[in-house]
Amino acid sequence: MPRLREVPRHEVVDEKILFFYDRLFGPGKDPAVDHGTVHGTPGDWWTVFAQSPDVFRHAVQGFALYRNSTLDPQLRELGQSRAGYARGSQFVFSQHCKQMRSLGVAEEKIAALPHWQIADCFSVLERAILAYTDGLVYDGGRVPDQVVDVLRAHLSDPEVLELTYITCMYDMHATMCRALRLEFDDRPELVTEVHIPEGTHVSDLASDLSGE
């Protein structure tokens, strides 16, 4: 379950939230009870974000940025998918792999996203976008000049700005989904202590390994 309460339909008064409840879950449904969007996701991103109509509207307005963007949507999705993978968000990565597929991106490229560094299926620009995304997510924006030079050789300055903004926006969404355990990121922490079998004697590991 998500870490915050889902807002049931009968508590919603904001028209924008009700619009998306109807559009994504079906007219009149209560998505806090009848889970599942028309896209096959649990849908609790929407019901949790409904906690704050201002945040909800701001987030949805960000999605609308695509309408007037001149950036190639395949390139945009390349950055979003890699951002989801790099941030460790099952939800963002999975959803944007699907979006890449719907835009006609080759399966070979989608499959190679986790190991793009050694994949030869990407163009020079695509590799620069993937390297740029890694710089944004892994290195907090520390990006080599050479990567930006390739971007600017193929994209306009407004397109580079849009790529940066959208990729960072989805890094944020990936982070929030993990923190609040939304959608496909509702899963237990994978890195935990592995307990030894009952009855096993616990000795000084450091001493054993050093041969003392």
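Predicted model only: the values in this text are computed from it and were never measured. (Residues numbered from 1 in each chain as written. Predicted model: local features only at pLDDT ≥ 70, side-chain atom pairs only at ≥ 80, totals over all residues. Heavy atoms only, no water.)

*Asks:* So what's going on with the nonpolar core? Which residues, and what values?
*Replies:* F122, L151 and L155 are the most contacted members of the largest nonpolar core, which has 26 residues in total. Looking at this core, the elements with two or more residues in it are α4 (73-87), α5 (90-102), α6 (107-112), α7 (124-137), α8 (145-154) and α9 (157-180). Leaving out residues up to four positions away in the same chain, F122 has contacts with L78, K109, A112, L113, W116, R127 and L130. (Core = buried A, V, L, I, M, F, W, Y, C linked by side-chain atoms within 4.5 Å. Buried < 20%, exposed > 50% of the residue type's maximum accessible area, 1.4 Å probe, protein only. Helix = DSSP H or I, 4+ residues; strand = E, 2+ residues; numbered from the N terminus. Contact = heavy atoms within 4.5 Å.)

*Asks:* Describe in detail the UniProt feature "domain: Carboxymuconolactone decarboxylase-like" (unreviewed entry) in the chain, supporting the description with residues and values.
*Replies:* The sites that UniProt annotates as "domain: Carboxymuconolactone decarboxylase-like" (unreviewed entry) are residues 62-133. Segment residues 62-133 splits into 64% helix and 0% strand. End C-alpha atoms: 19 Å apart. (UniProt positions renumbered as here; feature names shortened; annotations may be inferred.)

*Asks:* Quick one: what's the story with the environment of P2, residue by residue and with numbers?
*Replies:* For P2, the location among the structural elements is in the segment before α1 (15-25). It is 31 Å that separates the C-alpha atoms of P2 and Y132, two residues lying 130 residues apart in sequence. Non-local contacts of P2, meaning those with residues more than four positions away in its chain, are made with D44, V48, L180, R181, L182 and D186.

*Asks:* Break down the packing of α5 against α9 for me, with residues and values.
*Replies:* For any two helices packed against each other, the geometry is given by the interaxial angle and the distance between the axes. Where α5 meets α9, the closest approach of the two axes is 8 Å, and the angle between their N-to-C directions is 130°. Of the possible angle classes, the one that applies to α5 and α9 is oblique. Side by side, α5 and α9 meet where F91, V92 and H96 of the first sit next to Y170, H173, A174 and C177 of the second. Residues belonging to the contact of α5 with α9 are distributed by class as follows: 5 nonpolar, 2 polar and no charged. (Axes fitted to C-alpha atoms, helices over the stretch in contact; angles between N-to-C directions. Parallel < 35°, antiparallel > 145°, perpendicular 65-115°, else oblique. Nonpolar A, V, L, I, M, F, W, Y, C, P; charged D, E, K, R; others polar.)

*Asks:* Lay out the pattern of salt bridges in plain terms, naming residues and giving numbers.
*Replies:* On inspection of all chains with the given rule, the structure shows 10 salt bridges. In this structure, D134 and R82 form a salt bridge, with 2.7 Å as the shortest nitrogen-oxygen distance. Highlighted residues: D134 in helix α7 and R82 in helix α4, separated in sequence by 52 residues. Each member of the pair, D134 together with R82, is buried. (Salt bridge = Lys/Arg side-chain N within 4 Å of Asp/Glu carboxyl O.)

*Asks:* Describe the packing of aromatic side chains, and please don't skip the residues or the numbers.
*Replies:* Tallying each qualifying case throughout the model produces 13 aromatic pairs. With a centroid separation of 6.5 Å and an interplanar angle of 50°, the aromatic rings of W45 and F56 are classed as tilted. One end of the pair, W45, is in helix α2 (residues 44-49); the other, F56, is in helix α3 (residues 53-63), with 11 residues separating them in the sequence. Given a relative accessible area of 4%, W45 falls into the buried group. An angle of 65° between the planes, with centres 5.8 Å apart, marks the rings of F91 and F184 as edge-to-face. On the criterion of sequence distance, the pair formed by F91 in helix α5 and F184 in the loop between α9 and α10 (205-210) is long-range, its members being 93 residues apart. The class of F91 is buried, set by a relative accessible area of 13%. Clustering of aromatic rings is evident, with ring pairs tying together F19, F20, W45, W46, F49, F56, F63 and Y170. One Lys or Arg, R76, reaches over the ring of Y66 and ends 3.9 Å from the middle of that ring. (Phe/Tyr/Trp six-rings, centres within 6.5 Å; stacked < 30°, edge-to-face > 60°. Lys NZ or Arg CZ within 6 Å of the ring centre and 35° of its normal.)

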